[in-house]
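# Structure at a glance
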Amino acid sequence: MSDGDAPVGSNLGQLIKQLDAIEFRTDRDLYNYARILRAIGFELYMRIGMDADMVTAILSQYKGKWWTFGAQSKIRAKLVGGHLKAGATAAKVLGLSGVKMYASFVKHFIKPEQEAEAEARKGKGSKKPGFSIGDKPSGSAGRPGESGRAA
């Protein structure tokens, strides 16, 4: 999947299929992978976080046996919902890991390549005098056509 302009779906199953279809051939594939992984992490984080709140709310209203009081139900409900909250945080880290992966790729592969290319271009320009735009020609008195004029 090399098309960077394809919309990222909001359905979790569709996102996983998109992620599975990616083959790493270009830097654009890495970008799409990171983008889809971030969307999956965000979707899971939102769903699991909301489900944790719902489970906590439902279980805090539980009226059990006579020895289970309301305050105990609320404490126990928070303990149960806390496990889902931890899972939601893990999903958030999953999505963030895709973004960090692409940022690391840019830092360690793309930037050095761009710097090396710029350095090579700069080195070529200083060795060979050639056509340039915007620079003063070396060894001339000023603008073209002004070489015979007195200053």
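Here goes a summary of the coordinates provided. (Residues numbered from 1 in each chain as written. Predicted model: local features only at pLDDT ≥ 70, side-chain atom pairs only at ≥ 80, totals over all residues. Heavy atoms only, no water.)

### Things to note about the pattern of salt bridges
The tally for this structure, following the rule as stated, stands at five salt bridges. When the shortest N-O distance is used, the salt bridge between Arg121 and Glu117 registers 3.2 Å. In this pair, Arg121 and Glu117 are both assigned in helix H3 (residues 70-127), four residues apart and thus about one turn of the helix distant. Residue Glu117 is classed as partly exposed on the basis of its relative accessible area of 45%. We note a salt bridge from Glu119 to Lys122, for which the minimum N-O separation is 3.8 Å. Taken together, the residues Glu119 and Lys122, both in helix H3 and three residues apart, mark about one turn of the helix. Given the relative accessible area of 56%, Lys122 is considered exposed. (Salt bridge = Lys/Arg side-chain N within 4 Å of Asp/Glu carboxyl O. Helix = DSSP H or I, 4+ residues; strand = E, 2+ residues; numbered from the N terminus. Buried < 20%, exposed > 50% of the residue type's maximum accessible area, 1.4 Å probe, protein only.)

### Remarks on helix H2 (residues 27-60)
Between its terminal C-alpha atoms H2 stretches 49 Å, which fits the 50 Å expected from 34 residues at 1.5 Å a residue. Where H2 begins, the side chain of Thr26 points an oxygen toward the backbone nitrogen of Arg28, at a separation of 3.3 Å. (Expected span 1.5 Å × (residues − 1). Polar contact = N/O pair within 3.5 Å; in protein donor to acceptor, adjacent residues only side chain to side chain.)

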